[in-house]
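Given next are the chains, with one letter for each unit.
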Amino acid sequence: MFKNINLITQNLTPNLSKILNNMSWLLAERLLRMGVGFFIVAWMARYLGTTNFGLLNYASAFLVIFNTIATLGLNQIVIRDFVNEPEKRDEIAGTAFFLRLIGGICGFVLATVAIFYLRPDDVISRNTVVIIAAAMLLLEFQGINDWFN
């Protein structure tokens, strides 16, 4: 089988060979990430039990709404601007950092206010949402990932 793969790859152009090599690394990374994620979620579900795992999923699903507000859709825009205007990289990175910081703070505050309004008597749900929402305050560090992309 490996002989057949080597014969096929020898007949490819250098650019196509590089593309296939990069695609295989990306595919392997995605499969590894999905496999590890599956086992971690299964382990968490077993450890937490149905009630607590459901509460964790409720909090995560609730925060997805506010996470879209907090990210401001900057991920692809910042990378595009890095590529199109490399001389303004520092300015773009700084602006994105502060926009994400403000968006994260607004998303955290909105999520906290919303959960206190929607579930005034459910202390466990409120605390879970507030703890998970605190991760929105760290969104500005996504800029490091954008820089390397």
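Residues numbered from 1 in each chain as written. Predicted model: local features only at pLDDT ≥ 70, side-chain atom pairs only at ≥ 80, totals over all residues. Heavy atoms only, no water.

Engineer: A description of the overall build of the chain should follow, citing residues and the corresponding values.
Structural biologist: Each helix and strand in the chain was counted, giving 6 helices and 0 strands. When the helices and strands of the chain are listed from N to C terminus, the series reads α-α-α-α-α-α. Buried residues in the chain amount to 21% of all 149 residues. Considering only intrachain contacts with a sequence separation of at least 6, the fraction spanning at least 24 residues in the chain is 72%. On the chain, roughly 11,200 Å² of surface is accessible, and the fraction owed to carbon and sulfur atoms is 69%. (Helix = DSSP H or I, 4+ residues; strand = E, 2+ residues; numbered from the N terminus. Buried < 20%, exposed > 50% of the residue type's maximum accessible area, 1.4 Å probe, protein only. Contact = heavy atoms within 4.5 Å. Areas by Shrake-Rupley, 256 points an atom, 1.4 Å probe, with all protein chains shown as cover.)

Engineer: Let's hear about the pattern of salt bridges: which residues, and what values?
Structural biologist: Counted under the stated rule, the structure contains 4 salt bridges. As a salt-bridge pair, Lys-88 and Glu-85 come within 3.4 Å of each other at their nearest N and O atoms. Look at Lys-88 and you get partly exposed, because its relative accessible area is 38%. (Salt bridge = Lys/Arg side-chain N within 4 Å of Asp/Glu carboxyl O.)

Engineer: Outline a nonpolar patch on the surface, listing residues and values.
Structural biologist: Side chains of Ile-105, Val-109, Val-113, Leu-137, Leu-138, Phe-141 and Ile-144 sit close together on the surface and give an oily, nonpolar patch of about 620 Å² of accessible area. The greatest single-element share of the nonpolar patch, amounting to 3 residues, is contributed by helix H4 (residues 89-118). Residue position: Phe-141 is located in the loop between helix H5 (123-133) and helix H6 (142-148). (Patch = residues over 30% accessible without salt bridge, like charges linked within 9 Å, V, L, I, M, F, W, Y side chains within 5 Å.)

Engineer: Report on the environment of Ala-134, specifying residues and quantitative values.
Structural biologist: Position of Ala-134 relative to the elements: it lies in the loop between H5 and H6. Classification of Ala-134 by relative accessible area gives partly exposed; the value is 32%. When the C-alpha positions of Ala-134 and Gly-107 are compared, they lie 9.4 Å apart, and in sequence the two are 27 residues distant.

Engineer: Describe the nonpolar core, listing the residues and the values that go with them.
Structural biologist: Counting residues in hydrophobic clusters, the biggest one holds 12 residues: Ala-59, Phe-62, Leu-63, Phe-66, Ala-70, Ala-111, Ala-114, Ile-115, Val-129, Ala-133, Met-136 and Leu-139. Elements supplying a minimum of two residues to this core: helix H2 (14-71), H4 and H5. Here Ile-115 is in contact with Tyr-58, Phe-62, Pro-120, Ser-125, Arg-126 and Val-129, once residues within four sequence places are set aside. (Core = buried A, V, L, I, M, F, W, Y, C linked by side-chain atoms within 4.5 Å.)

Engineer: So, the packing of H2 against H4: which residues are in play, and what are the values?
Structural biologist: Relative to each other, H2 and H4 sit at 140°, their axes nearing to 8 Å. Judged by the angle between their axes, H2 and H4 are oblique. Considering how the two elements wind past one another, H2 and H4 form a crossing that is right-handed. On the side of H2, the interface is formed by Tyr-58, Phe-62, Leu-63, Phe-66, Ile-69 and Ala-70, while H4 contributes Arg-100, Gly-103, Gly-104, Gly-107, Leu-110, Ala-111, Ala-114, Ile-115 and Leu-118. By residue class, the composition of the contact of H2 with H4 is 11 nonpolar, 3 polar and 1 charged. (Axes fitted to C-alpha atoms, helices over the stretch in contact; angles between N-to-C directions. Parallel < 35°, antiparallel > 145°, perpendicular 65-115°, else oblique. Left-handed = near helix turned anticlockwise from the far one by under 90°. Nonpolar A, V, L, I, M, F, W, Y, C, P; charged D, E, K, R; others polar.)

Engineer: Can you tell me about the packing of H2 against H5, naming the residues and giving the values?
Structural biologist: Remark: H2 packs on H5, axes separated minimally by 9 Å, with the N-to-C direction vectors making an angle of 55°. As judged from the angle between their axes, H2 and H5 are oblique. Classified by chirality, the crossing of H5 by H2 is right-handed. Note on element contacts: H5 touches H2 through Ile-124, Ser-125, Thr-128, Val-129, Ile-132 and Ala-133, opposite Leu-55, Leu-56, Ala-59, Ser-60, Phe-62 and Leu-63. Here the residues of the contact of H2 with H5 are counted per class, giving 9 nonpolar, 3 polar and no charged.

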